[in-house]
Amino acid sequence: MRKAYKLTAVLALLFLSVGWSYAQYTVTGIVTDARTGEPLIGANVLIRNTTTGTVANLDGRFTLNVPGNNEVVLVISSLGYLSQNFTVSQSNNNLQVALREDATNLEEVVVTGLASSVKRSNLANAVSSVSSRELTGTTTIQTTDGALYGKIAGATIRSNGGAPGGGLSIQLRGISSLSGASQPLIILDGVYINNSFQRTGRAAVTGAGASNQDDGSNRLADLNPADIETIEVLKGPSAAAIYGTRANAGVIIITTKRGAEGKTKVSLAQDIGFAQPLRLLGVDDWSEEKINFFFPEANNRRQIELQRFREGNRIDYEDYFYNNTALLSNTRLTVTGGNEKTKFFVSGNITSEDGTVRRTGFDRYSIRANIDHKISNSIRLGVSSNYIQSNTDRGFTGNQNNTGASIGYTIAYVPNYFDLRPVNGIYPDNPYFNDNPAAITDNAINNSEVNRFVQSFTLDIDLLKTNNSFLKANIAGGLDFLQNSTMIYLPEFLQSQRASANPGDLLIGKQESFNSNFQAALVYNWNLGQVNMNSQAGLVRLDFKNSSLFNRGRGLVPGQTNLRQAAVQEINENFNSEIQEAGVFLQQEANWEDKVIGTVGVRWDKSTLNGNANQFYAFPRASLAVNIANFDFFNSTVVNQLKPRIAYGETAGPVAFGNIYTPLIGANIGGLLGSVVSSQVGNERIFPETATELEFGVDAGLFNNRLGIEATYYIKNTQNNIQNLNLSPAAGVNTTPSNEAELQNKGIELGISGTIVDKSDFRWFSRVLYWRNRVNLTRLGIPTYTAGAFGSGLGTFLYAQGFPPTTIVGTPADPNVPGGFTIWGDAQPDFNMSFYNTISLKKNLELSFLVDWRQGGDNINLTSFLTDSGGTTNGWFNDDNGDGIPNGRQRPPAPHNNAARWVQDASFVKVREIGLYYTFPRTQVANMFGGALENIKIGASANNVFLFTKYEGYDPETSTFGAQSVANNVDIAPYPTPRRIFFHITLDF
Amino acid sequence: MKKYNLYMTLTILISMSIWGCNPLKLDEIDDPNNPSVGSVSNNASRQQIQFVLTGLEARHRGYVTNVSQAWNTFGREIWYLNGSDPRFQTDWLGQNGRVPDRSYFGFGNTGGGSYAAPYQAINQANVLIRAANNTTFLNDSEKRAVAGFAKMIQGYQFMIPANFVYNNGIRIDVEDPLNPGPFVPYAQAMDHVRNILVEADADFNAAGTGNFPLALTSGFSGFNTIAGLRQVNNAILARANAYRQDWQGVLTALNSSFMNLNGPLNIGPAHPYVGPPDAFNPLFYVPNAPTTTIIVVHPSVLEDALPNDNRRTKFFQRNTPVTVSTDAGVLTGTHQDARWPSNTTSIPFIKNEELILLKAEAHANLDQFADAVAAINIIRNAAGIGPYTGATSRAALIDEILFQRRYSLWAEPWGHRWIDARRYDRLNQIPTNFDGGTIFTQFPHPQAELSWDQYTGN
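If you're wondering where the values come from, they're calculated on a predicted model, not measured in any experiment.

Enquirer: Residue-level account of the domain arrangement of chain A, with values.
Expert: Residue and element names in this part refer to chain A. Segmentation of chain A into domains returns domain 1 (2-101) and domain 2 (130-259 + 274-280 + 323-405 + 444-857 + 906-988). The distance between the C-alpha centroids of domain 1 and domain 2 comes to 39 Å. On the side of domain 2, 13 residues touch domain 1, which itself brings 10 residues to the contact.

So this is what it looks like as structure tokens:
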């Protein structure tokens, strides 16, 4: 938000230059930090409701000529501080201003429209902002979304697993869609960037199934988190309505850092760290007694096992495969500076992080240049360019089928007395499963290399300026080009490959996506009496193109990874899509002296995804905030701010590409090509799923705004939710998309933040967030069904009117429940809480930490199911009830054959981040380095430090199916989540 | 003024660039990946008809994997050991008291390969018939040939869901996808199969002579004439008539089929699998493959096999048995399927050996014992186990025929033993002592059928 702030300052300066020859008087003053007494350079001084103002100089002093002879109100503000108003007159024209730090972010400027922003104290929505300090200030997180855990009330963040390179899903305010992943729209410096989970093909090669079991990364992983200045999260339609069709699941607006006028600053930061698994579960030991119980006598099997047991070593495979120390390194170089006309921020980043599984890791190279240039006094151009290369090796974990190409899946079946480790380079065959995971880990490849370029521009043109109004044109847009080259390779000598007729499997993919967007808006700011009006009108154009080509080769020449070296070559996938969307918007904001702030707006959108591509759908919004404390009658000494607020808005979720088509699909048989009728019937009347949200709440600031309270309640209703209507399978077609379902999410978000201690040498800031959401399928519209995960025997999800779609059901049958199966759990948490603290000591030492608590919410833990099948669960052979049947064959509840055995409570408390930093005193640095260095900061930090849970898995936050609206809580042999520990040094030159 | 000129220029330039490529105008985007079903409904070209016809061949084999793995497990011809998913054992064998429900493992909400897939073939055939009838690029006899082929496949495919849900009955009126007819009992469903095959026969009869007018895959090599396909159609009708217990009908149909008492037993049409871009033979496993996922011969099949029966060459004894443990215990397989020399071997779907056994069965049921024994002996002699010496009563001959069918038709993609045991009310003779499971009689209608009726208010 610094950008918008700076712009205001620039505008203010501009207007100063306009000479006024009427009567005027001069006001002078000094602005300082109330806590430290240091001058606030660049503080803004503005005559309220005008465009006249100035900024404080290097000593914090300012001089302002006030036109006319009347008294006026000066608004004095500075980034990160609470602004103050002073009435000045010809007699009262010298001010001593001490601004307090804005501990509760009241002054923060929040983007609320496509071309406008408002300061938080005037905001009518609970928009969460995460500053760069909160985002990356405590520790170094690999990906941006990973750095948001616990920092946004209302967000459910879940990672696929612990594999390097990301793979996270974010759901804001519950589930907004039944068919998609219900992921927020992500806008980076105005560009609609691609955050899809792209296919890698791993699931195709390992046999796991569809690409949602690839454990691919979502492409937000490409963005260097350290480049980010701030992230704003519009959590629902009431805040995001102006974004229209793609905003049902919320909008995440990411703004990167920009240059500032002044001396060129060079900053070099280096993090070195290591990672180890956060949690391992241990494996069960074997005994002759257990072997006699476990293995049958038939075909001499028991004898073979006993012999292996007597001769073998004992190997803890969990330890062998997962418990490695990974090296982590992160290097960042930034150069910023500029003059009055041109400002720049240039950054380079090399992230090189190994995974805790051998031969896995994530490397990211990022270069960014953000340039702002004033073409003339009234035309400003901003460009942001970012090139990224990320290279990810995620290894082989998760689900598989018949290939053994998953460590966790395979070792679930291997007793600890059988040695899988290679001898003289030869990997023994695994008699308990389809492959030797040591051979897979050491030789197979699961690589993705992304080359990406994100470019944005904004052009602001001041068309008209008067003393109290301005008209501005804003033209903005950008593009995101992404190419992802993937390779999955299982060499020919692997056990599973030797079991196939064409040993050696290679799947090479190329995916390209090109997003471009363009926006043009006119913004007119004017005053109607005491009311400041901001009027906007504009249009938006979005284009999305995707293409993919995957080729597979089987029967490989040893050691070769070129498709031409394969005996059997096939086109595995070739898919193209093109989407065009356009919209028009109008918005009107009115602000009566920061007392009453109202907004109305509407957006109309159309899309080629819809059955009727030329129909506009309208998304209105309205909001009202009342700052009671700004009224004259209000004079509490305790409550400085009291703002009831209410907001309403509508948005939509897009139809999936292809829903309108009934295709004839190519099917090859016996050397001929056939056209087969698709089992999905297209719906040419399909339209977007829409959401309406009413949000209301109150924000309060107490004790000179040292304590801030934010409380919000929302009701989000979605209509016309798209889901597949199952047709009679006897019709020879299975599904058609329908617009029938309705969902309701209701929830509470509470935030309390404040400076508990605020002394010049000791400052303690603390923030507690609490949120809960309740989702309910208020209308299904089609017959009750179950779907997701692996069927009723292992736990699946119920889609029935009056039930949350997160309801986990399974065997045995229960005719009293819609859908016919017993209800065993609910994936939705009861509530989440997070606790963030930062403590500053003597200006030099800073400690911060973040604790995250999720209460309730069940997972389907099929890792337990696998290890129980293989007899390797820790404690498998114990017999708690003493009935002679070991625990591993008798998981509760009785009669020990139902789906509930794998449904587990996934409550947890995680110490997410801890950081401790020391900044050397400047004088000391100057003495030591004689001016070559300006600043040195060192520190140590940790991420995923501790996990407290009863859940019997590596991490309660895991999803074998990646990002999905439902069934995103299934645990199948995931990559264990790492605990990451870092040492940091930052040098400013 | 200078500034205003600049603004004007800029404004004009920007408006021009905006309206020059109007950002609010969207192009019409056709499916960039596939043609539409509608593209063949009106005057489709000969090549388009050919694609839909080959598509029918592709849909025609949609059942093979699922039926081969599941139904042959139900009849204990095989076990499908699967180290990755124990439910292929626990659920399909009915271990620990599991019984089929409406979305049972391996069949999903739609019945999967045992229900939805055959109906997809039936629907494809309907689309083909309509496309052929609505084009000027085929002459009348060509249209009849295409219709005959399409109906023949429909007759075959209807038997799959019919035998899957058995007494629960199936829908036979499925011309209109959004308005399918009611469920009819098994007997009526099988009558429908007969009728549709009789119609196919009439179509072939009116389709002239010579080669089938469009290209068929190698699966029909030897049968790709009008006459050859008519023989295949009658072979399918013979099987259907046996299920209908129309024994005279079996013999009539066999007489018009490709049955050859002196010819090779394994002759017959097949589903081809030639490898990419086609699929591989889904039943092929590398001999002695070091794997825990493999179809193995059920121990009862090995135990009951006669010592000199050369049909034992279908079973390949592994160097090391395959063992898979589940929460219902451990199963061990010693022999794997040796019928497929490679992963590009075709899988026959009806063959001369079955036709001769159907002849035997029809005669036995018509108390024509000498003819029955003669047919049985063709099979026995081919198997190297000498002529039949047992009693020549109907019961004894049926016993003998069912026994021969176990080995002659072992693990074909049809689940013969499961269906045969049910036909003769002998499901209780299928052994469960090797796995502690249960023998299923039939499946309930898949959940999607129930849901559809609920949706439409039926």
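Enquirer: Summarise the sheet that holds strand E13 (residues 185-188) of chain A; cite the residues concerned and give the values.
Expert: Residue and element names in this part refer to chain A. Spatially, five strands are ordered E10-E15-E16-E13-E14 in an open sheet, and the strand pairing comes out mixed. Each edge of the open sheet is held by one strand with a lone partner, namely strand E10 (128-131) and strand E14 (191-192). In this sheet, strand E16 (residues 251-256) lies alongside strand E15 (residues 228-234) in antiparallel orientation, the contact comprising six bridges. Residue pairing for E16: Val 233 is matched across the bridge by Ile 252.

Enquirer: So what's going on with the interface of chain A and chain B? Residues and values would help.
Expert: Taken together, the 83 residues of chain A in the interface contact 87 residues of chain B. Here the element with the most residues in the side of chain A that touches chain B is strand E26 (residues 566-592) of chain A; it accounts for 10 residues. Here the residues of the side of chain A that touches chain B are counted per class, giving 39 nonpolar, 35 polar and nine charged.

Enquirer: So what's going on with unusual backbone geometry? Which residues, and what values?
Expert: Residues other than glycine predominantly adopt negative phi, and peptide bonds predominantly adopt the trans conformation. Of note, the bond from Pro 892 of chain A into Pro 893 of chain A is cis; its omega dihedral lies within 30 degrees of zero at 0 degrees. Tracing the chain through its elements places Pro 893 of chain A in the loop between helix H11 (862-870) and strand E43 (903-905). In this structure, Pro 895 of chain A follows Ala 894 of chain A across a cis peptide bond, with omega equal to 5 degrees. Position of Pro 895 of chain A among the secondary structure elements: in the loop between H11 and E43. We note that Asn 43 of chain B has phi near 50 degrees; this positive angle belongs to a residue other than glycine. Inspection of the secondary structure assignment puts Asn 43 of chain B in the loop between helix H1 (2-20) and helix H2 (46-60).

Enquirer: Pulling in residues and values, what's your account of the pairing of strand E28 (residues 617-626) of chain A?
Expert: Residues and elements named next belong to chain A. Covered by surrounding structure in E28 are Tyr 617, Phe 619, Arg 621, Ser 623 and Ala 625 only, the residues Ala 618, Pro 620, Ala 622, Leu 624 and Val 626 on the alternate face being uncovered. Relative to strand E29 (residues 639-653), E28 runs antiparallel, the two being bridged by five bridges. Looking at E29, one finds that Leu 624 is bridged to Ile 646.

Enquirer: Break down the packing of helix H5 (residues 116-133) of chain B against helix H6 (residues 140-165) of chain B for me, citing the residues and quoting the values.
Expert: All names here are of chain B. It is at 8 Å that the axes of H5 and H6 come closest, and there the two elements cross at 165 degrees. Considered as vectors, H5 and H6 are oriented roughly antiparallel to each other. When you trace H5 past H6, the crossing you get is left-handed. Residues Pro 118, Tyr 119, Ala 121, Ile 122, Ala 125, Leu 128, Ile 129, Ala 132 and Asn 133 of H5 form the contact with H6, whose own contacting residues are Lys 143, Val 146, Ala 147, Ala 150, Lys 151, Ile 153, Gln 154, Gln 157, Phe 158, Ile 160 and Pro 161. Here the residues of the contact of H5 with H6 are counted per class, giving 15 nonpolar, three polar and two charged.

Enquirer: I'd love a proper account of the UniProt feature "domain: TonB-dependent receptor plug" (unreviewed entry) in chain A, names of residues and values included.
Expert: Feature annotation in UniProt places "domain: TonB-dependent receptor plug" (unreviewed entry) on residues 121-251 of chain A, given in this structure's numbering. The span residues 121-251 of chain A carries 11% helix and 21% strand; its end-to-end C-alpha distance comes to 21 Å.

Enquirer: Before we move on, could you go through the UniProt feature "domain: RagB/SusD" (unreviewed entry) in chain B and cite the residues and values that matter?
Expert: The feature "domain: RagB/SusD" (unreviewed entry), as given by UniProt, occupies residues 352-442 of chain B in the numbering adopted here. Along residues 352-442 of chain B the backbone is 57% helical and 0% strand, and the end-to-end C-alpha distance reaches 28 Å.

Enquirer: Report on the nonpolar core, specifying residues and quantitative values.
Expert: Residues and elements named next belong to chain B. Grouped together as the largest cluster of nonpolar side chains are 144 residues, with contacts concentrated most on Leu 128 and Val 146. At 14 residues, H6 tops the list of elements feeding residues into this core. If we ignore the near neighbours within four places in the chain, the residues touching Leu 128 are Val 52, Leu 53, Leu 56, Val 146 and Ala 150.

Conventions we followed
Residues numbered from 1 in each chain as written. Chains lettered and ligands numbered in written order. Predicted model: local features only at pLDDT ≥ 70, side-chain atom pairs only at ≥ 80, totals over all residues. Domains from an automatic or database assignment. Contact = placed C-beta atoms within 7 Å. Pairing = 2+ DSSP bridges. Helix = DSSP H or I, 4+ residues; strand = E, 2+ residues; numbered from the N terminus. Nonpolar A, V, L, I, M, F, W, Y, C, P; charged D, E, K, R; others polar. Buried ≥ 20, exposed ≤ 12 C-beta atoms within 10 Å, placed from the backbone. Axes fitted to C-alpha atoms, helices over the stretch in contact; angles between N-to-C directions. Parallel < 35°, antiparallel > 145°, perpendicular 65-115°, else oblique. Left-handed = near helix turned anticlockwise from the far one by under 90°. UniProt positions renumbered as here; feature names shortened; annotations may be inferred. Core = buried A, V, L, I, M, F, W, Y, C linked by C-beta atoms within 7 Å.

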